[in-house]
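Here are the chains, one letter per residue:
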Amino acid sequence: MAYQILENAKIGWQLGSTGFNFIKNHTATLLFSFFSGCLFILTFLFFIIPFIGVSITEKSLSNHWVLGFLFLFLTTVFSTWMKVSLSIYTNALFENNPISTITSAGRALSRLFAIAQWAFVDAIVGTIVKIVRRKNNNEGFIASILRSLLGIALELGWNILTFFVIPLIAFEDLSLMATIEESGSIIKKTWGPSAGATFNIGFMGIWWLLGWYLLFFGPFTIYCKYFLEEPVMPEKALFLVIFAVLAFTIPLLIMGIITSTVKIIIKTALFNYTRNKPTGPFEADLLKISFAPTDTN
């Protein structure tokens, strides 16, 4: 069991490394995750006034689930649109027939109805998970833990079941239920390494971030503690605070964009393998061992 877990992690690491190298050679792939983040921010700013108004009126922001659901739905639509666009763009690169990012977004937009259907269902599931995991002050400690674990299990199960929804929306004209069923069918064959790849990408990103924070904040802390002359002028103090905040948030945002992009690229490569389509730099032997032995004959 432990050996199989390590093997899955190894395969996932190889898939993740190939995905990062692919981004190095095709940096335009990062634009889709970047635009997705921009659309999220714009949607958040659009909703912030209604949310504040509701929180003041009802004295509770969390109880107004209608606004929360609508916000989640719209952000999921925009996020899915960009992910489908990235999958289309990546597939074109795999086929040595590159297209522009605008063309990719346009082709994804033609799947808007399927994207909206998926976003609606995903938002419902997300809302249910939030309700399940919401803390209740009247509950005991054990009940609160069980509620949290149930929410985590629901979210994890849903993410596993719908692992291949994005490439399916991008390349196959199926109904929503058929899309989810097909995603579940594929994930049964690729569960260990496929999920392992996405987890490993997250760990890779965390380690890189920790490395950066150590290299930056270590000397920065030493400077502030031992070499910064006192009293510190307000202007200099403000500069140091802003500098530290930027040094923390910018790498975090960049790593989020990169890891999100890599995950979609890997899903597209794995999906293409199941359809006997080109997989770019992802070698067939590596993708083959990502499938259960009984399904690779």
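Residue numbers restart at each chain and count upward from 1, following the sequence in its written direction. Residue-level local features of this predicted model are given only where pLDDT is at least 70; pairs of side-chain atoms are given and counted only at 80 or more, and the full residue set underlies all totals for whole chains, interfaces and linings. The basis for the side-chain values is all heavy atoms of the structure; hydrogens and waters are excluded.

With reference to specific residues and values, describe the overall build of the protein.
Comment: elements are numbered from the N terminus, with helices defined as DSSP H or I runs of at least four residues and strands as E runs of at least two. When helices and strands are tallied, the protein shows 10 helices and zero strands. Element order for the protein, N to C, with α for helix and β for strand: α-α-α-α-α-α-α-α-α-α. Three labels apply to residues, based on accessible area from a 1.4 Å probe with only protein chains included: buried if under 20% of the type maximum, exposed if over 50%, partly exposed otherwise in between. The buried share of the protein, reckoned over its 297 residues, is 39%. Contacts were defined at the residue level, with two residues in contact if any of their heavy atoms lie within 4.5 Å. Contacts in the protein between residues at least 24 apart in sequence constitute 72% of all its contacts with a sequence separation of at least 6. The accessible surface values rely on the Shrake-Rupley method and a 1.4 Å probe; as for residues, cover is taken only from the protein chains in view. Working note: accessible area of the protein is about 17400 Å², and carbon and sulfur atoms make up 69% of it.

Quick one: what's the story with the pattern of salt bridges, residue by residue and with numbers?
The term salt bridge refers to a pairing of a side-chain nitrogen on Lys or Arg with a carboxyl oxygen on Asp or Glu at a separation within 4 Å. Per the stated rule, a full pass over the model turns up three salt bridges. Between Glu 182 and Arg 275 there is a salt bridge, and its shortest N-O distance comes to 2.9 Å. Pair noted here: Glu 182 is in helix 8 (residues 176-227) and Arg 275 is in the loop between helix 9 (234-274) and helix 10 (284-288), with a separation of 93 residues, a long-range link. For Glu 182, a relative accessible area of 24% corresponds to the partly exposed category. Among the charged side chains, a network of salt bridges with common partners joins Glu 172, Glu 182 and Arg 275.

Lay out the environment of Leu 174 with the relevant residues and their values.
Within the secondary structure, Leu 174 is located in the loop between helix 7 (165-171) and helix 8. Leu 174 sits 60 residues away from Ala 114 along the chain, and the two C-alpha atoms are 8.5 Å apart. Setting aside anything within four residues of it in sequence, one finds Leu 174 in contact with Arg 111, Leu 168, Thr 179 and Glu 182.

I'd like a rundown of the packing of aromatic side chains, residues and numbers included.
Note on aromatic pairs: the rings of Phe, Tyr and Trp (six-membered ring only in Trp) are paired at centre separations within 6.5 Å, and the planes decide the class, stacked below 30 degrees, edge-to-face beyond 60, tilted for the rest. Inspection of every chain in the model, using the stated rule, returns 23 aromatic pairs. Summarising the aromatic geometry, the rings of Phe 32 and Tyr 89 are spaced 5.4 Å apart at their centres and angled 55° between planes, so their arrangement reads as tilted. One end of the pair, Phe 32, is in helix 2 (residues 30-58); the other, Tyr 89, is in helix 3 (residues 65-94), and 57 residues separate them in sequence. Given a relative accessible area of 3%, Phe 32 falls into the buried group. Here the aromatic rings of Trp 212 and Phe 216 are separated by 5.6 Å at their centres, their planes lie at 20°, and the arrangement is stacked. With Trp 212 and Phe 216 both in helix 8 and four residues apart, this pair spans about one turn of that helix.

Describe the confidence of the model for the protein, and please don't skip the residues or the numbers.
The quantity known as pLDDT measures the predictor's confidence residue by residue, on a range of 0 to 100. Chain-level pLDDT for the protein is 84 on average; 83% of the residues reach the 70-or-more range. Across the protein, the secondary-structure element scoring lowest on mean pLDDT is helix 1 (residues 2-25), at 77, and the one scoring highest is helix 4 (residues 101-109), at 96.

Describe the side chain of Thr 90, with residues and values.
For Thr 90, the position within the fold is in helix 3. Judged by relative accessible area, which is 0%, Thr 90 ranks as buried.

Give a detailed account of the packing of helix 5 (residues 112-133) against helix 6 (residues 141-161), specifying residues and quantitative values.
For the pair helix 5 and helix 6, the least separation of the axes is 8 Å and the interaxial angle reads 160°. Judged by the inter-axis angle, helix 5 sits roughly antiparallel to helix 6. Our pair here, helix 5 against helix 6, has a crossing hand that is left-handed. Packed against helix 5, whose contacting residues are Trp 118, Val 121, Asp 122, Val 125, Val 129, Ile 131, Val 132 and Arg 133, the element helix 6 presents Arg 147, Ser 148, Leu 150, Gly 151, Ile 152, Leu 154, Glu 155 and Trp 158 at the interface. Ten residue types, Ala, Val, Leu, Ile, Met, Phe, Trp, Tyr, Cys and Pro, are classed as nonpolar, four, Asp, Glu, Lys and Arg, as charged, and the remainder, Gly among them, as polar. Of the residues in the contact of helix 5 with helix 6, the class split is 10 nonpolar, two polar and four charged. Axes, fitted as lines to C-alpha atoms, cover a helix only where it is in contact. Angles between the N-to-C directions of the axes lie from 0 to 180 degrees. An angle below 35 degrees is treated as roughly parallel, one above 145 as roughly antiparallel, one from 65 to 115 as roughly perpendicular, and anything else as oblique. For any helix crossing, the convention is left-handed if the near helix is rotated counterclockwise from the far helix by under a right angle, and right-handed if that rotation is clockwise.

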